[in-house]
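# An overview of the molecular structure
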Amino acid sequence: MTILIRPAVRGDARAIGEVRVQGWRETYSHFLSAGLLDSLEPNEERWRDVIELGLGTFVVAEVEGEVRGFAASGPPAEDDAPRALELAMIYQLASMHGSGSGQALLDAVVGDSPAYLWTAELNPRAHAFYRRNGFIADGARKVAEQWEDLAEIRMVR
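These numbers were taken from a predicted model, which means no experiment stands behind them. (Residues numbered from 1 in each chain as written. Predicted model: local features only at pLDDT ≥ 70, side-chain atom pairs only at ≥ 80, totals over all residues. Heavy atoms only, no water.)

### Quick notes on the nonpolar core
The line we're drawing: Buried residues of nine kinds, namely Ala, Val, Leu, Ile, Met, Phe, Trp, Tyr and Cys, make up a nonpolar core once their side-chain atoms join them within 4.5 Å. Burial classes: relative accessible area under 20% of the type maximum marks a residue as buried, over 50% as exposed, and values in between as partly exposed (1.4 Å probe, protein chains only). We count a stretch as a helix when DSSP gives it H or I for four or more residues in a row; a strand needs E for two or more, and each element gets its number in order from the N terminus. The contact definition used throughout considers only heavy atoms, calling two residues in contact when any of these lie within 4.5 Å.
Ranked by internal contacts, the top residues of the largest apolar core, which has 26 residues, are Ile-16, Trp-24, Tyr-28, Leu-32, Trp-47, Phe-58 and Phe-70. Within the residue set of this core, elements represented by two or more residues are α1 (13-27), α2 (34-39), α3 (44-53), β2 (57-63), β3 (66-74) and β4 (86-92). Non-local contacts of Leu-32, meaning those with residues more than four positions away in its chain, are made with Trp-24, Leu-37, Trp-147, Glu-148 and Leu-150. With 18 residues, the next largest nonpolar core counts Val-59, Ala-115, Ala-126 and Met-155 among its residues.

### Topic: the packing of aromatic side chains
The condition is simple: When two rings of Phe, Tyr or Trp (its six-membered ring) have centres within 6.5 Å they constitute a pair, described as stacked for plane angles under 30 degrees, edge-to-face for angles over 60, and tilted for the intermediate range. Each ring is checked for a lysine NZ or an arginine CZ that lies within 6 Å of its centre and within 35 degrees of its normal; such an atom marks a charge sitting over the ring.
On inspection of all chains with the given rule, the structure shows ten aromatic pairs. Ring geometry for Phe-70 against Tyr-91: centres 5.5 Å apart, planes inclined by 45°, an arrangement best described as tilted. Taken together, the positions of Phe-70 in strand β3 and Tyr-91 in strand β4 put the pair 21 residues apart, joining distant regions of the chain. Judged by relative accessible area, which is 17%, Tyr-91 ranks as buried. Ring-pair connections join several aromatic residues into one group, and the members of that group are Trp-24, Tyr-28, Phe-31, Trp-47, Phe-58, Phe-70, Tyr-91 and Trp-147. Lying over the aromatic face of Trp-24, Arg-20 brings its terminal NZ or CZ to 4.7 Å of the ring centre. It is Arg-46 that lies over the ring of Trp-47; its NZ or CZ is 4.3 Å from the centre.

### Here we look at the sheet that holds β2
Stated precisely, the cut-off is as follows: Two strands make a pair as long as DSSP finds a minimum of two bridges between them. Throughout, an axis means a line fitted to C-alpha atoms (over the contacting stretch in the case of helices), and angles, computed between N-to-C directions, take values from 0 to 180 degrees.
Within the open sheet, the seven strands sit side by side as β1-β2-β3-β4-β5-β7-β6. Their pairing is mixed. The open sheet has two free edges, formed respectively by β1 (4-7) and β6 (136-144), since each of these has just one partner strand. The average undirected angle you get between the axes of adjacent strands in this sheet is 25°. Across two bridges, β4 lies against strand β5 (residues 116-120) in parallel orientation. The residue bridging Glu-86 from the neighbouring strand is Tyr-116, located in β5.

### A short note on α1
As a reminder of what qualifies: One less than the number of residues in a helix, times 1.5 Å, gives the span that helix is expected to have.
With 15 residues, α1 should reach 21 Å at 1.5 Å per residue; the first-to-last C-alpha distance of 21 Å fits that figure. Turning to α1, its buried residues are Ala-13, Ile-16, Gly-17, Val-19, Arg-20, Val-21, Gly-23, Trp-24 and Thr-27. On its buried side, α1 packs onto α2, α3, β2, β3 and β4.

### Notes on the environment of Ala-128
Within the element layout of this structure, Ala-128 appears in helix α5 (residues 124-132). With 91 residues separating them in the primary sequence, Ala-128 and Leu-37 have C-alpha atoms 24 Å apart.

### With respect to the side chain of Ser-101
Examined against the element boundaries, Ser-101 turns out to sit in helix α4 (residues 101-109). Judged by its relative accessible area of 0%, Ser-101 is buried. Every residue in contact with Ser-101, bar those within four places of it in the chain, is listed here: Ile-3, Ala-61, Gln-92 and Met-96.

Below, the structure is given as structure tokens:
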């Protein structure tokens, strides 16, 4: 399988939304309700807006012309951020796990720069991936009420 990592473009918005929805359903089904996961929509317009804003680096992982993952980084979303670069998101389809695409996505948007990220507290697969890449939990934790009180931890390198 050949994985192409390239900048996200406006025409990717629908596919990005679909990957996010499917990725959440595949990854978060053990700690978010089926009702919440079933309510997710690809929201093409939102993703088109994010791409067009161009506030950081936004890339997709493409296999055989199909977007199967994406990642974005940029300036911190919070005023008291521990680093000047935030990994804002990285999602991929479960079928891509173990393919190296997650690493390629992370490398494309963060490289070896000091950075931080928030990840679901109940996602040990993600924690292991980030630890392999030099990130450690710094003790910060927040709860996203809009996502059924999903707890997130901050990881920094």
